[in-house]
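Letter by letter, the chains look like this.
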Amino acid sequence: MDFNYSEEQQMLTDTIGRFVEKTYDFESRRKLAKTELGFSREHWSTLAEMGLMALVVPEEFGGMGGSPVETLIVMEAFGRGLVLEPYVGTAVVAANLITEAGNVAQKEAMLGAIADGSRRFALAALEPQGRFDLWDVATRATSDGAGYVLDGRKAVVLGGDSADTLIISARTSGRTTDRVGISLFLVDAKAPGLTIEGFPNLDGQRSAEVTLSNVRVGSEALLGARDAGYPSLEWAVDHGIAALCAEAVGVMSKLLDTTAEYLRTRKQFGKPIGSFQALQHAAADMLTALEQCRSAAVMAAAKVDSADAAERRAAISAAKTIVGQAGRAIGKHAVQLHGGMGMTDELAVGHYFKRLLCIDMTWGDSDHHIEQYAALL
Amino acid sequence: MFLRESAEEASFRAEVRDFVQRELPIVIRDRVLTFQRVERDDYVCWQKILHVKGWGAPAWPREYGGTGWNATQRVIFEEECFAAGAPRQMPFGLSMCGPVLIAFGTEAQKAKFLPRIIAMDDWWCQGYSEPGAGSDLASLKTRAVRQGDKYVINGQKTWTSFAHWANWIFCLVRTDPEAKPQAGISFLLIDMKSPGVTVRPIRTLDQGADVNEVFLDNVEVPLENLVGEENKGWAIAKYLLGHERTNIAGIGMCKRLMRRVKEMAGTCTKRGRPLVEDPRFRARISQLDMQLICHEWSLLRIISLESGNKPIGPEASVLKIRGSEIQQDLTELLMDIAGPYAVPYVPEALELGSTVQTAGDPLLNPLAGQFLDMRKISIYGGANEIQKNIIAKAILDL
């Protein structure tokens, strides 16, 4: 194995690192998070111009055909700056899902629009009763001659209030918790009958509660095979999880840098607080956890495209669990070591902690993924 | 040993439970139990109800309007109040300034301030911490210079809880900059309405603003507001920190949070079944419950030592460490109950009378915020690292 970046990957690392450093100083981020949109349309365009929206789109549809390693590079940099643009929903989850499950017409219509930054997607997969279970789908899609009628409610749709298109999982047959009988639909955010209520998240990003009441779509809205949408859905969300793991590594590494700097400079009892062994050990625990997470994120990137679904599932669930638990631990340490200052909204520390918490609570916390992993033993 | 609650203790518990049940206003109880923001008036209202009953100052001597209860009775009282959803009794007047005045104050100071503390006619706050001081309290810099019949104060205090609601602040100030750090400090009472006092809120991770910075700019304080002797404030500071040891265990809060965890895990569902039936979650609750049960026995055991007039050593630090960790773990469990709904957070919905909509059930909205807010308890009151130093010093004798 070779864990070094190729020349192209190193260039990508440098480019995206410069963008984040230049654009995402903490004060600018804070202002951006308080706007109604919660991110910047200009940044979105810039990211598209840099080719980042096209990263995983196949070359034949105007993309770069990048691998999960390229996504890892981008996401780690985004993590360091707490980037607010809802990149994962469009450029990772939707791009992968449409590439995987879409027909040629859908790919031609959608992938180009992802690549050039002209359309944003959000995945509406969770439901209020289902916690983290993607297969718990009560939303119904009923055949209606030319198309389908959708009714139901979708929960905590990340980036849902700024998306142009929602990818909605709905039941076309079976019982609420069956893994067969789920179909995926591409639904325009302005479709009549669709209500999208946006909410701020703990970490400054945004999500939406989505209600579908008699939403009519044509048969061309069906993404992938009818009743058999679940495997693609899980596959695409796993790509989202791999991306989040990489982002978490960026968040943690910045948090550790910030904390180490504080331990070096803040003085108490006449010396830097970093000279106290108890605090040194806490810092050492943070670094140990971070290295474990770095490995987890790389493993997730390596296995997320695996043809063996069980191998993919095990790697993704392991990575998500390790990252989720370490994220909480590192965040707690960082706040504690900063003392009262760590509790303030003014310092970046708490915001990094909150992003780690939200990553843990997105697409399955450690309880959920330990259970997934255990089922494979 | 008699390892059961005595008949007297049981009947005392019943009396407290009955009283709180009857007298605690339902709107306040509901606000407290659902983690909505509790208002100044709520705290004052509850304190006045207790005061009328004669229970306003559980730990004060009878001659000053206290109850004369022993430590066990105080624990039972606190536990029942918390269990019923009462707001906590604000410690700044009752457990901090009051006992200091009783021990060190002049007769005039006692007569002026103690009745107003117990009736909560004044809201006190604590001016100890400063930027750059933190756990190293002796490095505080706020200066008090004597000019005729007054002191003139200049400096800055921070982490001042509820300063925005307070009309009095007790402060540690430096009166002799030449002396060694602990020696030149005095304990002063400052009227917050004095010219030169500015309060600036500090917004915290949960988007609340309970803590503040307090700026003191040429604030004039009459000499009669000095407590104890000039330059002898450090002894008072230490007395204050060591005073109300039982509260530090947070047992009432622990039990209230545990009950909330069990309630919510019983009503929130996973795959159509109550979350409490999920084996993994059930095991986590059980493990924490076991910790909590033992924590309670630690508290009972340790306070019984106190009433036997033996000095409490590093055990107080044990209570602080475990109490803070258990409270933090409980709020983490609460957040985990919310699952994906831990992510959206609408802090405005926690304000009094708010009709702002939340993403999921309004009961889920504050849970992640509670978890974040609770990170502070391993930091304040002497960070847990400092508590561990105290324990290590005691057992290693280095």
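Residues numbered from 1 in each chain as written. Chains lettered and ligands numbered in written order. Predicted model: local features only at pLDDT ≥ 70, side-chain atom pairs only at ≥ 80, totals over all residues. Heavy atoms only, no water.

Asks: With reference to specific residues and values, describe the overall build of chain A.
Replies: For chain A, the count of helices and strands is 11 helices and 10 strands. If one aligns the C-alpha atoms of chain A with their principal axes, the spans along those axes are about 80 × 45 × 40 Å. When each of the 377 residues of chain A is scored for burial, the buried share is 59%. Long-range contacts, defined as pairs at least 24 residues apart, comprise 73% of the intrachain contacts of chain A with a sequence gap of at least 6. Carbon and sulfur atoms make up 53% of the accessible area of chain A, which totals about 14,600 Å². Here chain A contributes 36 positive and 48 negative side-chain charges, whose respective centroids are spaced 6 Å apart. (Helix = DSSP H or I, 4+ residues; strand = E, 2+ residues; numbered from the N terminus. Buried < 20%, exposed > 50% of the residue type's maximum accessible area, 1.4 Å probe, protein only. Contact = heavy atoms within 4.5 Å. Areas by Shrake-Rupley, 256 points an atom, 1.4 Å probe, with all protein chains shown as cover. Lys, Arg positive; Asp, Glu negative; His and termini not counted. Charge placed at Lys NZ, Arg CZ, Asp CG, Glu CD.)

Asks: Any chance you could break down helix H6 (residues 104-115) of chain A for me, citing the residues and the numbers?
Replies: Residues and elements named next belong to chain A. A rise of 1.5 Å per residue sets the reference length of H6, with its 12 residues, at 16 Å; its end C-alpha atoms lie 16 Å apart and thus fit the reference within 8%. All of the buried residues in H6 are Gln-106, Lys-107, Met-110, Leu-111, Ala-113, Ile-114 and Ala-115. Check the buried side of H6 and you find it contacts helix H3 (41-49), helix H5 (87-101), strand E1 (121-124), strand E5 (182-188) and strand E8 (222-223). (Expected span 1.5 Å × (residues − 1).)

Asks: Could you give an account of the UniProt feature "domain: Acyl-CoA oxidase/dehydrogenase middle" (unreviewed entry) in chain A, with specific residues and numbers?
Replies: Here, UniProt's "domain: Acyl-CoA oxidase/dehydrogenase middle" (unreviewed entry) annotation points to residues 122-214 of chain A. For residues 122-214 of chain A, the helix share is 0%, the strand share is 54%, and the end-to-end C-alpha distance is 20 Å. (UniProt positions renumbered as here; feature names shortened; annotations may be inferred.)

Asks: An account of the UniProt feature "domain: Acyl-CoA dehydrogenase/oxidase N-terminal" (unreviewed entry) in chain B is requested, with residue identities and associated values reported.
Replies: In the UniProt entry, the feature "domain: Acyl-CoA dehydrogenase/oxidase N-terminal" (unreviewed entry) is given for residues 7-120 of chain B. As annotated, residues 7-120 of chain B has a helix share of 69% and a strand share of 0%, and its two end C-alpha atoms lie 33 Å apart.

Asks: Please give an account of the environment of A:Asp144 that cites residues and values.
Replies: All names here are of chain A. One can find Asp-144 in strand E2 (residues 140-144). A residue is classified by how much of its surface remains accessible, and Asp-144, at 34% relative accessible area, is partly exposed. C-alpha of Asp-144 to C-alpha of Val-215: the two residues are 71 residues apart in sequence and 11 Å apart in space. Residues within four places of Asp-144 in sequence aside, it is in contact with Val-149 and Arg-216.

Asks: Residues and numbers for the interface of chain B and chain A, please.
Replies: Frequently, the measure chosen for interface size is the accessible area that the parts lose on association. Each side of the interface is counted separately: chain B has 48 residues, and chain A has 46 residues. The contact between chain B and chain A buries some 4,000 Å² in all, and 59% of this surface belongs to carbon and sulfur atoms. For chain B, the biggest contributors to the area lost against chain A are B:Leu205, B:Arg271 and B:Val343; these three give 18% of the whole. Linking chain B with chain A are 7 salt bridges. Counting the contacts that link chain B with chain A gives 22 residue pairs in polar contact (both at pLDDT 80 or more). Contributing elements (two or more residues each) for the side of chain B that touches chain A: strand E6 (197-202), strand E9 (269-270), helix H9 (279-307), helix H10 (315-338), helix H11 (367-373) and helix H12 (384-396) of chain B. It is H10(B) that contributes the most residues to the side of chain B that touches chain A, 5 residues altogether. (Buried area = accessible area lost by both parts, 1.4 Å probe. Salt bridge = Lys/Arg side-chain N within 4 Å of Asp/Glu carboxyl O. Polar contact = N/O pair within 3.5 Å; in protein donor to acceptor, adjacent residues only side chain to side chain.)

Asks: Summarise the pattern of salt bridges; cite the residues concerned and give the values.
Replies: This model, assessed by the stated rule, comprises 53 salt bridges over all chains. A salt bridge links A:Asp257 to A:Arg80; the shortest N-O distance between them is 2.9 Å. A residue pair is termed long-range when its members are at least 10 positions apart, and A:Asp257 in helix H7 (residues 230-265) and A:Arg80 in helix H4 (residues 68-81) qualify at 177 residues. Owing to a relative accessible area of 40%, A:Asp257 belongs among the partly exposed residues under this scheme. Across the pair B:Arg31 and B:Asp42 runs a salt bridge whose closest N-O atoms are separated by 2.6 Å. In this pair, B:Arg31 sits in helix H2 (residues 26-33) while B:Asp42 sits in helix H3 (residues 40-53), placing the two residues 11 residues apart along the sequence. Judged by its relative accessible area of 8%, B:Asp42 is buried. Within the structure, one salt-bridge network assembled from shared partners comprises A:Arg328, A:Lys332, A:Asp360, A:Asp367, B:Arg284, B:Glu332 and B:Asp336.

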